[in-house]
Every structure is written in structure tokens, then in C-alpha cells.
Amino acid sequence: MSKRRVAYYYDADAGAYTYGLGHPMKPHRIRVTHDLVTAYDMLPKMHVLRPKRASPETMSSFHTDEYVHFLNRVTPETAEDLTYHGTRFLVGEDNPAFEGVFEFCSISAGGSICAAKRITSGAADIAINWAGGLHHAKKREASGFCYINDIVLGILELLRTYPRVLYIDIDCHHGDGVEEAFYTTDRVMTCSFHKFGEYFPGTGTQDDRGRGKGKGYAINVPLKDGITDQSFQSVFEPVIMKILEVFQPSAVVLQCGADSLAGDKLGCFNLTMHGHAHCVQFLRKQNIPLILLGGGGYTVKNVARTWTYETACALGIEDTIDPLLPWNEYFEWFGPRYRLEVVENNMDDLNVKDGSLDKVRITALEHLSELNPAPSVGLHDVPRESVGHHLGLSRDDEEGRDELDDRLAQHMRYVYDLQESDSPSDTSDDDSWDSDESVSSRRSRARQFPKQSRPRMSLLTGQYFDVPVHEQGYSHFEHGAVPGKTAKRRFFQSAARWDETVEDVIIGKLSPFPIPIGELMERGGRPPGGEEGDGDWEDMPVDP
């Protein structure tokens, strides 16, 4: 088997974080995997690198600035206020604001971005980042244990050099975050093999094929419980071969979510370690630049076994390694057999029982046959650095910084944090949730403007819950409104308020009747009867 140049990205801090007691996502699995890879003496056969952590600016190439800023600030103590009582950014119980969440995200995203740069530079044929693969994260919120979508950030880096990128997802859950990010482009084809039904995230039907220029470039292969190695291979190989023929990708990103393995705590497939790793072996044979990422996987010992074996597959030494596990720090975890294996169980393969697998495969191949030949991309000179780097304005550029610069920066951050903590939190005051309106007016407004919500599914419980739909994105948050049943728009903490009945600003506490805003401005902001020197008016607090 021909040799490949393999780059392996690992940060020792990645396994030190925890989502909290009882949470199924265990970042420690990355440390266990690395320890097993080390025990098999694979590190000397690869170029082992510690990735540069992704900065907030880098994350903002996909995610919104406000969301990245939120992740950079949030702590377990401030999560309730910063998420507006759980209605924004971190919705539901799937994504807790654990200690060090931003640092964990920067490690995960940094690894995938560095892997992409390694591939585009031509320094590696295969790049591995087992800390990545967090495919559910959305542009402005976390979802399904994922906070920052490292996959999207990595693909964006690939697109700076390559005209077309193929993303393949073999996680048990649909790769909705990545599909959504590239739903309208023909430069990225997404192909997801996942469980569909009453199952998180509830998306990924074969009718979801993209939109606009991206029509036909989102391929979904919905599967049922208990799929085995043979069944999975019978649909994976023909679909991927057809994609390679039609799309002709310049690079492939494979998300190796291990919750599709047999016996996973949250999965429902019946794949063995060898069946799962067959996807890696198949793509390696295609001689296309390849990035391997982690993803789901909640039975830690099986995750570590599989990703270790797939690392061996990337190196082309899977046939030479000993199935009996070598001694390592976590050796007792792999009992009672202590073997490099994940065996199937006695689940029924529902895909074969009802014949749905053939229908899914035929439909996917028909959709691919309808596509035009590989889309072309105009030739452009790819800049080697960003405008910010070229002008010396980037925060990432640390050249020329000495110890004094670091100490001054640390001190300024400390002073800034003190000022932030001392400033009163207007959004958490109880009076912000009170309303001056009468019960009858609130009821009439509720009838006129019915409550809007969107159903969301929890990965932990599989239950649906409602999330408020904010019109025009989150524009009302930008005006100081606090989401809630009795929330109202506020105007700079003044006594002015918006009256829905007359659709105008009135002074609720000083006047029993509404005042047009033009007249209010002509009067210098004074209500009727408020003459100059009025004691009550002079005592009113005025925002500077």
C-alpha cells in the first residue's frame, strides 16, 4: 500500500475539559485516544503538531460576532443572564456553559483550520484532528453538544485554494450545521449518512437537496436502526463513487462520528470498528487530499479504539498492528477483552427488513445523475495573508511582542473585566420584566400578536421544546429588549415607552395620554404641564 504523508494534530489540554457531571459528551476521550495511539507507536510515523488555537476573529469568519463574543465571556455563573434566561445562544440542556468552553472551542476549531492549511500547502496528504467534527453548531447558537463549527471553518480555509470540497458525515446524527452553512453553494457538496425519524436533530430527508446554486449539492442518506457493516457498505460505496465521478472534489473532509458504532450510549446503529473504518480506507484509496475529524461518540472506550484504528488506516498499517491492546495509562478501561475491536450486537437491521435501504440508495443515485458536470470556478490569485495581517492590524500577529507587552495586555484585560463586573446589569433586574400596561391591554396585544415559537429537539432527551422566534433575526435584542412573556422594548431607561394601541411613544408615568414624538421634541422632552423649573422633571435621571 502506498505511503501517505499524515499530519496529526493534538493539544494536550483538549481532554482536560468537562461538560459537567452526568453529561454524555466526554472531551477526555481525545486524551484516551491519543494515549492509545502513542502506545501503538504511531506517533513517529506521522508529523505530530500542536494546532494554533483559533482566535475570535477567525471564528467570526462563519459565526456571528455577538455569538463569539458571548462564548468568550460566558461562565457557569453568568450563563443565565447572558443567554437571556436560556432563550438565546445556549438553548436547552444540551449545551451547558461549562468552565473553559471558549478555550475548548478554540482548540477544536484551531485543529481543523490548521489541518486545512496543512493540506492546501501540500505538506500533507491526510490531516487528522480528532478534537474536531462538531457538526451541529449553527451560525449564531450552539446545538447538539457543539458550540463552534470547526468543520465549516476548515472547509472555508480549503476553499481559499481548492475549487470544490466534498464533506462526508458518517455520524449517527445528521450533519445539519455543515449542510446549512453550504446549502446555497455548488462549491461544497455535503453527504450525510444518518439515522432519520424521531431522532435528533430531526432533519436530513432526501428532499433536502440544497437551494439556488446549491440545488442538488446536499445529499442525504437517511437510515433506520440497526444497520450493519454490509448494509452500510452497500450504500456508502456506490453513493460516494458517484459523487466522486460527478463532483470531482479537490479535497475531502470526513467526519468520523463514532456514535454510529454498535453499543453507543446515544446511537442506534450496529457498525463494528472495521465497518466504520472501511470508510476511511475507501477514501484513502482515492488519492484525494483527506481530512479526518472526530465528532460524536459516547462510549469512550469504543471511541478511542475506533479512532486509533482509523489513525492506523490513514498510515496504511492497519494490517500490521496487534489486536491485543498494548499497555497504556487507561488499559483497565478496555476490559474484559482488552482487544482493539468493537463487535456488533444482536440488533435487527430494519433497513433490510422493510427493503428501505435499496430505495434510499436508488433515490440518492438518481439525484446525483441529475447534476451537471463538476462546476467550474474562475482562477483567482489566492492571497497568502489577510488584509489585517498585511497592514499589521491583526491581533493574531504576536511577532515583536515582549514580556512587557504581555503584562500590559493582561493588566488591561483585568481592568476591563473589573469595569464590566462593576457595571449594573440592566437585563437581570426584576423591574425589566414588569409591565406598566394593564392586564386587558396585554391580553388584546397577545391576541393581535400571537406568540411565535419554533420546535427544537434535544439530543439528550429526544424531546421537542419551543424556542421563541425573533423577527428579523435578533434585531429586537439590539434595542435593549429582554425576551420573555412580558418583555417590552425599552428606551434608554427613560420614562418613555412604546404604546401598541397608538403606535407611538408616550410618557407613561407623567402623562395619562399619549404625546406624539414630534410634539415631545418641540417641548424639549417635557410633558404637557411640565414648565421649566418643574421640580419633578428636574429630578428625573438623564442618561449622559
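Numbers given for residues are sequential positions, taken from 1 along each chain in its written order. In keeping with the model being predicted, local features are shown solely for residues with a pLDDT of at least 70 and side-chain atom pairs are shown and tallied solely at 80 or more, while totals for entire chains, interfaces and linings include all residues. Note that water and hydrogens are dropped before the side-chain values are worked out from all heavy atoms of the structure.

(A) Local environment of the overall build of the chain. On a plain count of helices and strands, the chain comes out with 17 helices and twelve strands. Buried residues are those whose accessible area, probed at 1.4 Å on protein chains only, stays under 20% of the maximum for their type, while exposed residues exceed 50% and partly exposed ones sit between those limits. Expressed as a percentage of its 544 residues, the buried residues of the chain come to 49%. Areas reported as accessible are Shrake-Rupley estimates using a 1.4 Å probe. Residue values count occlusion only from the protein chains shown. When the accessible surface of the chain is split by element, carbon and sulfur atoms take 51% of a total near 27,000 Å². By the criteria applied, helices consist of DSSP H or I runs no shorter than four residues and strands consist of E runs no shorter than two, each listed in order from the N terminus.

(B) Structural view of helix α1 (residues 28–39). Expected helix span is taken as 1.5 Å per residue step, with the number of steps being one fewer than the number of residues. With twelve residues, α1 ought to run about 16 Å at 1.5 Å a step, and its terminal C-alpha atoms sit 17 Å apart, in line with that. Phi turns positive, to about 60°, at Asp41, one or two residues after α1.

(C) Quick peek at the state of the cysteines. When two cysteine sulfur atoms are found within 2.5 Å, that pair is recorded as a disulfide. For the structure on display, the rule yields zero disulfides. Of the cysteine sulfurs around Cys105, a residue in no disulfide, the closest is that of Cys146, at 9.3 Å. Cys313 carries a free sulfur, and the closest cysteine sulfur to it, the one in Cys256, is 9.7 Å from it.

(D) Here's a closer look at the packing of helix α5 (residues 101–120) against helix α6 (residues 150–159). Two elements in contact, α5 and α6, have axes whose closest approach is 8 Å; the angle formed by their N-to-C orientations is 25°. The angle between α5 and α6 places the two elements in the roughly parallel class. Crossing of α5 against α6: the hand is right-handed. Residues Ser108, Ala109, Ser112, Ile113, Ala116, Lys117, Ile119 and Thr120 of α5 pack against Asp150, Leu153, Gly154, Glu157 and Leu158 of α6. Across the contact of α5 with α6, the residue classes break down as six nonpolar, four polar and three charged. As a rule, the C-alpha atoms of each element are fitted with a line to give its axis, helices using only the stretch in contact, and angles between N-to-C directions run from 0 to 180 degrees. Roughly parallel refers to an angle under 35 degrees, roughly antiparallel to one over 145, roughly perpendicular to one between 65 and 115, and oblique to any angle outside these ranges. Handedness of a crossing follows from how the near helix is turned relative to the far one, being left-handed for an anticlockwise turn of less than a right angle and right-handed for a clockwise one. Whether two residues touch is decided by their heavy atoms; if any such pair falls within 4.5 Å, the residues are in contact. Only Asp, Glu, Lys and Arg are considered charged, only Ala, Val, Leu, Ile, Met, Phe, Trp, Tyr, Cys and Pro nonpolar, and every remaining residue, Gly among them, polar.

(E) Main features of the nonpolar core. Working definition of a nonpolar core: buried Ala, Val, Leu, Ile, Met, Phe, Trp, Tyr and Cys residues. They are joined through side-chain atoms within 4.5 Å. Ranked by size, the top nonpolar core spans 136 residues in total, and within it Tyr147, Ile155, Ile168, Phe193, Ile240, Leu254 and Leu292 carry the most contacts. By residue number, the principal contributor to this core is α5, which donates eleven residues.

(F) View of the confidence of the model for the chain. Known as pLDDT, the predictor's per-residue confidence is scaled from 0 to 100. The pLDDT averaged across the chain works out to 82; a share of 71% of its residues lies at or above 70. Predicted confidence is poor over residues 423–451, with pLDDT under 50, and the contacts of this stretch with residues over four places away or in other chains come to 24 contacts. A low-confidence stretch, residues 471–494 stays under pLDDT 50, and its non-local contacts, those more than four residues away or across chains, total 39 contacts.

(G) Local environment of the environment of Cys256. Tracing the sequence through the fold places Cys256 in the loop between β7 (251–255) and α9 (273–284). By relative accessible area, Cys256 is classed as buried at 0%. Along the sequence, Cys256 and Leu292 sit 36 residues apart, while their C-alpha atoms lie 6.9 Å from each other. Discounting chain neighbours no more than four positions away, the residues touching Cys256 are Trp130, Ile170, His276, Val280, Leu292, Leu293, Gly294, Trp307 and Glu310.

(H) Broad picture of the side chain of Ser112. Inspection of the secondary structure puts Ser112 in helix α5. The class of Ser112 is buried, set by a relative accessible area of 2%. Here a polar contact is taken to be a pair of N or O atoms separated by no more than 3.5 Å, where protein atoms must pair a possible hydrogen donor with a possible acceptor and residues adjacent in sequence count only if both atoms sit in side chains. A polar contact is formed between the side chain of Ser112 and the side chain of Asp150, at a distance of 2.5 Å. In this structure Ser112 touches Asn129, Gly132, Asp150, Gly154 and Leu293, once residues within four positions along its chain are discounted.

(I) Examining the pairing of strand β4 (residues 165–169) more closely. Along β4, five of the five residues are buried, which leaves the element largely enclosed by surrounding structure. The alternating pattern of β4 places Val165, Tyr167 and Asp169 and Leu166 and Ile168 on opposite faces, both of which are buried. As defined by bridge partners, β4 adjoins strand β5 (residues 188–195) across five bridges and the pair is classed as parallel. Within β5, the residue paired with Val165 across the bridge is Val188. The handedness of the β4 to β5 crossover, carried by helix α7 (residues 176–181), is right-handed. One bridge is not enough; two strands pair if DSSP finds at least two bridges between them. Pairing geometry for β4 and β7, over five bridges, is parallel. The handedness of a crossover follows from its direction of travel: if, with the strands pointing away from the viewer, the path from the first strand over the helix to the second runs clockwise, the crossover is right-handed.

(J) The packing of aromatic side chains, seen in detail. Here a Phe, Tyr or Trp ring, Trp counted by its six-membered ring, pairs with any other such ring whose centre lies within 6.5 Å, and the pair is stacked when the planes are under 30 degrees apart, edge-to-face when over 60, and tilted otherwise. Scanning the model with the defined rule gives 19 aromatic pairs in all. When the centroid spacing of 6.0 Å and the interplanar angle of 75° are considered together, the rings of Phe236 and Phe282 count as edge-to-face. Of the two residues, Phe236 sits in helix α8 (residues 229–247) while Phe282 sits in helix α9, which places them 46 residues apart along the sequence. For the pair shown, Phe236 and Phe282 are each scored as buried. Taken together, the aromatic side chains of Tyr17, Tyr19, Phe98, Phe104 and Tyr147 make up a single cluster linked through ring pairs.

(K) Structural detail: the side chain of His34. Of note, His34 is situated in helix α1. Aside from chain neighbours lying at most four places away, what touches His34 is Tyr8, Tyr10 and Leu43.

(L) Up close: unusual backbone geometry. Across the junction of Phe200 and Pro201, the peptide omega takes the value 0°, indicating a cis bond. Checked against the element boundaries, Pro201 lands in the loop between β5 and β6 (218–223). Here Phe89, not a glycine, exhibits a phi torsion of approximately 70°, which is positive. Judged by relative accessible area, which is 5%, Phe89 ranks as buried.

(M) How the structure looks around the pairing of strand β3 (residues 126–129). Burial of β3 is two-sided: the residues Ile126 and Ile128 facing one way and the residues Ala127 and Asn129 facing the other way are all buried. Here three bridges tie strand β1 (residues 6–9) to β3, and the two strands are oriented parallel to one another. For Tyr8, the partnering residue across the bridge sits in β3 and is Ile128. With four bridges joining them, β3 and strand β8 (residues 290–293) adopt parallel strand pairing. From the neighbouring strand, Ala127 faces β8, where its bridge partner is Ile291.

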